[in-house]
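Take a look at the letters that make up each chain.
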There are 2 protein chains.
Amino acid sequence: MGDKLVSERNLRFLLYEVFDLESLTHCPMYEEHNKEIFEIVFETAVKMAYDLFLPCFAEMDRNPPEFSDNEVKVHPMVSTILKQLGEGGWISANAPFELGGQQLPHLLTAACRFIFSAANYSASVYAFLNTGAAHLIESFGSQELIDTYIPKIFEGEWQGTMALTEPQAGSSLTDISTRAVPTDQDYYRISGQKIFISAADHTGTENVVHLMLAKIKGAPPGVKGISLFVVPKKRIEKDGSLVSNDVNTAGIYHKLGYRGSPIVQLSLGERDDCRGYLVGEPNKGLSYMFQMMNEGRIDVAIGAAGIASAAYYASLEYAKTRPQGRKLSAKDPTSPPVPIINHPDVKRMLFFQRAVVDGSVALLLQCSKYVDMIKVSEGEEKERYSMLLDILTPAAKTYPSEMGVLSVSQGLQCLGGYGYCDEFPLEQYYRDVRIHPIHEGTTGIQGLDLLGRKVTMNNGRAFSLYIDEVEKAVRKAETFPGLEFHAHRLRESLERLRDVTAHLLRIADSGETERFLADAVPYLELFGIVTVAWQWLLQGSAAFRVQSEGLSEAETRFYQGKLRTMDYFYRYELPKADGLVRLLTESEGLTAKAEESCFDD
Amino acid sequence: MGDKLVSERNLRFLLYEVFDLESLTHCPMYEEHNKEIFEIVFETAVKMAYDLFLPCFAEMDRNPPEFSDNEVKVHPMVSTILKQLGEGGWISANAPFELGGQQLPHLLTAACRFIFSAANYSASVYAFLNTGAAHLIESFGSQELIDTYIPKIFEGEWQGTMALTEPQAGSSLTDISTRAVPTDQDYYRISGQKIFISAADHTGTENVVHLMLAKIKGAPPGVKGISLFVVPKKRIEKDGSLVSNDVNTAGIYHKLGYRGSPIVQLSLGERDDCRGYLVGEPNKGLSYMFQMMNEGRIDVAIGAAGIASAAYYASLEYAKTRPQGRKLSAKDPTSPPVPIINHPDVKRMLFFQRAVVDGSVALLLQCSKYVDMIKVSEGEEKERYSMLLDILTPAAKTYPSEMGVLSVSQGLQCLGGYGYCDEFPLEQYYRDVRIHPIHEGTTGIQGLDLLGRKVTMNNGRAFSLYIDEVEKAVRKAETFPGLEFHAHRLRESLERLRDVTAHLLRIADSGETERFLADAVPYLELFGIVTVAWQWLLQGSAAFRVQSEGLSEAETRFYQGKLRTMDYFYRYELPKADGLVRLLTESEGLTAKAEESCFDD
């Protein structure tokens, strides 16, 4: 199979042993599926990763999109991949049967996306965007919009996008100024500028369907005046032909990495002939987007984890095969050198990567399972899962993204000078993964979302539910001899997270909003570490359960490696919480208080 | 002046107010200098940074070296810069007057190198290499070698290099296999392969002089059999003409960053006609190299700090001018957006960068001052400074390099999506700075050097001297009201560093070498944080002293900014020591114990 990208064994462990994918088949929504089907889907994803995505991984980076002759020229594989993912039902994998979808659990498809991302993140993005755009239309659009756009998007014939960002607004969606003027027809006239729009124009597709935020003329200021539109690159005439819709590409960006996917600047309505079709009700655009955002953010983080996984296995392969140096305790220079995996510091760098990757994937599958549980449950239960997903999402976006950058960097470091050169893929992973703390809401935005919105919402109810979930895992782990240390440490960390949260909420209650939110990012970091520790304890407990059973040697090694990596996380990563707790307790709102003049020189 | 690269005010603060550069003029070695001369040198360096180095910064990256027609073609500015640095006396800045040098303090020239690195690290490396090569010849070479090579190297006519690494050896110098066969002439016949040699061949120079490690036929195995040679690319005939010396370029590497400088693969003696001239005595090559290594490592770290400084000021400029969003406490969407520097989280990212940059520069100037003190002192005092330099060097190499990577990453993050695009220089800084934890000894090697060699050497004497220095700074800071918190925190951290060191030394005493050194890198990280906290306290104390004097408004703001950044370091960075202490106490030698089979899947 050549280059290992992910551990299939580990994914099956998470899907079946930790998150019990099969249990979903007891719900009416997923009752037509069974483990055999899941396995076929899984194995097909692995095959596509190697056959379709991986071969053009470096090539798409070396030949990035070019904007010339008014076209965004992309690698020829873009069209092939988009169509094959359409034909294979991957774009519509989670959509209901009645829309032509596969109605597969998110838990499973998240694992497949992770596999695709590990093989070629840039190439995987096109189809993910289609799924997201279709989901918005499906959830809030009219039947006409559904009938007109969804089939082509699902087939991979047309490209879907999310068009939010504008030059003057950036992360501040309040300041969006793209205008939508009502007409006496079924459309609005759109004018404005959009920047940093992924895959917003390219030669790999016949048409592009933008799900675009804009303000209807006369709408209230701020976020309460934002509406959602479908704005196609080419609109459909009554006779079915496609004509230009005055959506113009102003340029593309030259990026550090993630080069297989064009990021486009759009200029709308230069000839005053750009038509937009309202999705749902006016002025509700942002709330529609927010309902999709959890999934978009999880997708982005899956990408980061996928890249980090591929980087981990590339560095592991190098570490196993590169002889250099001797054991620290055996310095005889005439003895043969050993593979560098024998050096404790190299093992440390490998454990770190695996702890980040497996921890991130677990957290992302946990969130994906909550997405499924929201779909299959009702009433109070549905609300409970929704709140858990809500509060986990900022950390599920951020931990894999921020730690993914560090993880790939350690992978690169394992190769020394070779890691810095393009003979090995590490340098590309290093460039590619750096986008993740930026796109789909920067880490700063995630921090504000967690502390300013999620922790406080419903009177702290989501936070309590989260604590309950973690405590449940602690209580279970306490019953396994050998996990006492870990259960104890997680309980202690959770306690301190609770104390810090209470401390911050007291600041909020006193009305010091700036100070309350000043350390939202370190708070998010603490929350992320505790959350991934929880995911590691779940994995440790699942691994522990089978320890006593009669296992093959390979299986025994897998579970032992899993338990060692959990132990690594608890002894090397979780301690970082100590420093963060101290920071959050002693910072005294320094960054809120500091005057701009501090930075005069 | 355009883009700000460094704070000249801060450099003068460090040079004159913290490290008292002028006091060096009381020593005979530096008595011919005075503050006016220092200022001329400093201002010339700033001017050259903007006029010579900066204009080709991006260009050299976009047009990296090419290997074709048996030549390594580099940017035309390489030759210009090398010669101008030669003519200006920069290459020989620290060399004694009698060798044609400027005999300037290292403290001052380190600051100048920092300025050059901030403007264009790749371009600055050529001349740094010359200084290092000349210093080796000057210290250990015969008068003939000195006369033959040093003038041309100092003039920037010839390129000097350090040729250590080999394909099968990497960081393990023990395994060097380049051979030197004695002849009946004054030279050895050299044959072998060298890889990753910076500037080892290029069109910007007439000749290249390699300071090369090789093993003389019949030498003892391991590091005790390594000798040092001068191996020129072209050797000098009796009539003064240059002829090929059978030093062949096998290729160059295509790198993530640091692209202005070619990294070359050499093949020596393919026609059995490569002559090498022994430097000093046989089999002492590694000890000669080690004596230079402190300075080489400090140079590399200066490069990292320089890049991080340029990245900091680029992100600061953006943060001051980019309007986006509103104060967290004033969400009225009709109010105008504020520059993002108003957001506490952006201030956090700026403080982080400045804390890393100023802290790193302080540490590197501290080391450079020790280099000067070693030169100007004798006997016990000289030994004391040597030991302080020895024990500080691994952290002085690593903290700026590892934290420089994170610092530049935060700079990039300040720009959001723009940071990821090549319209701004952040993405290049991000690529460039990643070399620093690798070259001139990886972080792993630095960890082993600190814990395995420096902490234990002379019965722990260097470590005690280090503790004394830090304690002295604590006692002084305790006398300033307003620094009690910081003095107290540093004392506490130092205490814990001492405890952890004792804990690790007990493991060493028990004979568990693997386990003792397994966590050398986290130990180095802890040591680095405490060390930089010490440097921040020195800066805080210096800033505090002048607080009460009648100062201009700009000066007041400078000192306030300095104190705020120190406060940031103590409240946001120093707490990381807590987690590292716990890790080092509770790791139980996990990475030493873990079997390779853990990584089977």
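Below or above, wherever it landed, is the structure these notes cover. These figures come from a predicted structure and were not determined experimentally. (Residues numbered from 1 in each chain as written. Chains lettered and ligands numbered in written order. Predicted model: local features only at pLDDT ≥ 70, side-chain atom pairs only at ≥ 80, totals over all residues. Heavy atoms only, no water.)

### Some thoughts on the pattern of salt bridges
Under the convention used in this document: Each salt bridge in this description consists of a side-chain nitrogen of Lys or Arg and a carboxyl oxygen of Asp or Glu lying within 4 Å of one another. A run of H or I in DSSP counts as a helix once it spans at least four residues, and a run of E counts as a strand once it spans at least two, with each numbered from the N terminus. Relative accessible area decides the class of each residue, using a 1.4 Å probe on protein chains only: under 20% of the type maximum gives buried, over 50% gives exposed, and in between gives partly exposed.
One pass over the structure, following the stated rule, counts 83 salt bridges over all chains. Between aspartate 358 of chain B and lysine 562 of chain B there is a salt bridge, with the nearest N and O atoms lying 3.0 Å from each other. Within this pair, whereas aspartate 358 of chain B is found in helix α8 (residues 344-376), its partner lysine 562 of chain B is found in helix α16 (residues 553-573), the two being separated by 204 residues in sequence. Residue aspartate 358 of chain B is classed as buried on the basis of its relative accessible area, which comes to 4%. Judged by relative accessible area, lysine 562 of chain B falls into the buried class, the value being 0%. Ionic contacts of the salt-bridge type, sharing partners, join the residues Arg489, Glu492, Arg496 and Asp578 of chain A together with Arg582 and Glu586 of chain B into one network.

### Some points on the layout of surface pockets
Operational definition: The distinction between a cavity and a pocket rests on a 1 Å grid over the protein atoms alone: a 1.4 Å probe fits inside a cavity but cannot get out, while a pocket stays open yet meets protein on both sides within 12 Å along at least five of seven lines, and a residue with an atom within 4 Å of a point counts as lining. Grid points are joined across faces, edges and corners, and a volume is the space filled by probe spheres set on the points. When residues are grouped by polarity, Ala, Val, Leu, Ile, Met, Phe, Trp, Tyr, Cys and Pro land in nonpolar, Asp, Glu, Lys and Arg in charged, and all others, Gly among them, in polar.
Each pocket or cavity is described by its volume, and for the second largest pocket that value is around 660 Å³. In terms of lining residues, the second largest pocket is bounded by 32 residues, among which Asp61, Arg62, Arg259 and Arg431 of chain A together with Arg259 of chain B are the most central. Looking at the lining of the second largest pocket, the elements that each hand over two or more residues are α3 (57-62) and α10 (426-433) of chain A together with α3 (57-62) and α10 (426-433) of chain B. Along the lines of polarity and charge, the residues of the lining of the second largest pocket split into 12 nonpolar, 5 polar and 15 charged.

### Overview of the environment of threonine 513 of chain A
Defined as follows: The contact criterion used throughout is that any non-hydrogen atoms of two residues lie within 4.5 Å.
Turning to its location among the elements, threonine 513 of chain A is positioned in helix α14 (residues 513-518). Filtering out sequence-adjacent residues up to four positions away, threonine 513 of chain A remains in contact with Leu328 and Ser329 of chain B.

### Let's talk about the pairing of strand β7 (residues 226-232) of chain A
Residues and elements named next belong to chain A. Quick note on the threshold: Here, strands pair whenever DSSP counts at least two bridges between them.
Of all 7 residues in β7, 7 are buried; the element is thus mostly enclosed. Where burial is concerned, the two faces of β7 agree: the one with Ile226, Leu228, Val230 and Pro232 and the one with Ser227, Phe229 and Val231 are both buried. Pairing between strand β6 (residues 207-216) and β7: 7 bridges, direction antiparallel. Within β7, the residue paired with histidine 210 across the bridge is valine 231. Sheet analysis places β7 next to strand β12 (residues 275-279), joined by 3 bridges and oriented antiparallel.

### Points about unusual backbone geometry
Despite not being glycine, asparagine 458 of chain A shows a phi value in the positive range, around 45 degrees. Mapped onto the fold, asparagine 458 of chain A is located in helix α12 (residues 457-477).

### Concerning the interface of chain A and chain B
Cut-off, in case you're wondering: Buried area is understood as the total, over both parts, of accessible area removed when two parts are fitted together, assessed with a 1.4 Å probe. Two N or O atoms count as a polar contact when they lie within 3.5 Å, although within protein this holds only if one can serve as hydrogen donor and the other as acceptor, and sequence-adjacent residues are included solely when both atoms are side-chain atoms.
Chain A puts 109 residues into the contact, and the matching count from chain B is 109 residues. Here chain A and chain B share an interface that buries about 9,400 Å² over both sides, 56% of which is from carbon and sulfur atoms. Between chain A and chain B we count 14 salt bridges in total. Note that arginine 489 of chain A is salt-bridged to glutamate 586 of chain B, the shortest N-O span being 3.9 Å. Taken together, the connections running from chain A to chain B amount to 49 residue pairs in polar contact (both at pLDDT 80 or more). Sort the elements by how many residues they give to the side of chain A that touches chain B and helix α16 (residues 553-573) of chain A lands first, with 8 residues. Looking at side-chain class alone, the side of chain A that touches chain B contains 45 nonpolar, 27 polar and 37 charged residues.

### Observations regarding the relation of the copies chain A and chain B
Let me state the cut-off plainly: When the copies are superposed, the least-squares fit draws on C-alpha atoms of residues that have pLDDT of at least 70 in both.
With an RMSD of 0.0 Å, the operation that places chain A on chain B is a rotation of 180 degrees combined with a shift of 0.0 Å along the axis. Those values place the two copies in the arrangement expected of a two-fold rotation axis. Counting the interface residues of chain A, we find that 100% of their copies in chain B are interface residues as well, pointing to one common contact surface.

### Points about the packing of helix α1 (residues 8-18) of chain B against helix α2 (residues 35-53) of chain B
All names here are of chain B. Condition: Helix axes are fitted only over the stretch in contact, all axes being lines through C-alpha atoms; the angle between N-to-C directions runs from 0 to 180 degrees. Whether a crossing is left-handed or right-handed is set by the direction in which the near helix is turned from the far one by less than a right angle, anticlockwise for left-handed and clockwise for right-handed.
Running from amino to carboxyl end, α1 crosses α2 at an angle of 150 degrees, the nearest separation of the two axes being 12 Å. For the crossing formed where α1 meets α2, the hand is right-handed. From α1, Glu8, Leu11, Arg12, Leu15 and Tyr16 reach across to α2, where they touch Lys35, Phe38, Glu39, Phe42, Glu43 and Val46. Grouping the constituent residues of the contact of α1 with α2 by class yields 6 nonpolar, no polar and 5 charged.

### Remarks on the environment of glycine 100 of chain B
Tracing the backbone through its elements, the reader meets glycine 100 of chain B in the loop between α4 (77-87) and α5 (106-140). As for glycine 100 of chain B and proline 151 of chain B, which are separated by 51 residues in sequence, their C-alpha atoms are 8.1 Å apart.

### Describing the packing of aromatic side chains
Each aromatic ring pair is specified by the distance between its two centres and by the angle formed by the two planes. Note the cut-off: Stacked, edge-to-face and tilted are the three classes for Phe, Tyr and Trp ring pairs, Trp counted by its six-membered ring, which pair at centre distances within 6.5 Å; planes under 30 degrees apart are stacked, over 60 edge-to-face, the rest tilted. Over a ring means this: the NZ of a Lys or the CZ of an Arg is within 6 Å of the ring centre and within 35 degrees of the ring normal.
Applying the stated criterion to the full structure yields 51 aromatic pairs over all chains. When the centroid spacing of 4.8 Å and the interplanar angle of 25 degrees are considered together, the rings of phenylalanine 53 of chain B and phenylalanine 116 of chain B count as stacked. Residue phenylalanine 53 of chain B is found in helix α2, and its partner phenylalanine 116 of chain B is found in helix α5; the two are separated by 63 residues along the sequence. The same class applies to phenylalanine 53 of chain B as to phenylalanine 116 of chain B, namely buried. Between phenylalanine 140 of chain B and tyrosine 288 of chain B, the ring centres sit 4.2 Å apart and the planes meet at 15 degrees, which makes this aromatic pair stacked. Of this pair, phenylalanine 140 of chain B sits in helix α5 while tyrosine 288 of chain B sits in helix α7 (residues 285-321), placing them 148 residues apart in sequence. The class for phenylalanine 140 of chain B is buried, based on a relative accessible area of 18%. Here the aromatic residues Phe196 and Tyr253 of chain A together with Tyr318, Tyr418 and Phe424 of chain B are joined through ring pairs into a cluster of three or more. Directly above the aromatic system of tyrosine 258 of chain A lies the positively charged group of lysine 255 of chain A, at a separation of 5.4 Å from the ring centroid. Over the face of the ring belonging to tyrosine 385 of chain B we find arginine 384 of chain B, whose NZ or CZ atom lies 4.9 Å from the ring centre.

### Side note on the state of the cysteines
Our working rule: Disulfides are defined in this document as cysteine sulfur pairs within 2.5 Å.
Evaluated as defined, the whole model comprises 0 disulfides over all chains. Free of any disulfide, cysteine 414 of chain A has its nearest neighbouring cysteine sulfur in cysteine 598 of chain B, separated by 15 Å.

### A look at the pairing of strand β11 (residues 263-268) of chain B
All names here are of chain B. Across the 6 residues that make up β11, a large majority, 5, are buried. As judged from the 5 bridges shared by strand β5 (residues 188-198) and β11, these two strands associate in the antiparallel manner. Paired with serine 198 across the strands is isoleucine 263, a residue of β11. When strand β10 (residues 247-252) meets β11, the two strands line up antiparallel, connected through 5 bridges. Bridging across to β11, asparagine 248 finds its partner in serine 267.

### A short note on empty space enclosed by the protein
What the rule picks out here adds up to 13 cavities of 30 Å³ or more. Looking at the largest cavity, its volume works out to about 110 Å³. Looking at the lining of the largest cavity, the element that brings in the most residues is α5 of chain B, giving 7 residues. When the residues that make up the lining of the largest cavity are grouped by side-chain class, the tally is 8 nonpolar, 3 polar and 1 charged. Considering the residues around the second largest cavity, the lining is formed by Leu85, Trp90, Ile91, Thr109, Cys112, Arg113, Phe116, Ala127, Phe128 and Thr131 of chain A. Among the residues forming the lining of the second largest cavity, the class breakdown is 7 nonpolar, 2 polar and 1 charged.

### Remarks on the environment of lysine 472 of chain A
Residues and elements named next belong to chain A. One can find lysine 472 in helix α12. Its relative accessible area of 44% is what places lysine 472 among the partly exposed residues. Sequence separation between lysine 472 and tryptophan 534 is 62 residues, and the spatial gap between their C-alpha atoms is 9.9 Å.

### Brief notes about the side chain of arginine 113 of chain B
Residues and elements named next belong to chain B. Relative to the assigned elements, arginine 113 resides in helix α5. The class of arginine 113 is buried, set by a relative accessible area of 11%. When near neighbours in sequence (up to four residues on either side) are disregarded, arginine 113 contacts Phe128, Thr131, Asp299 and Ile302.

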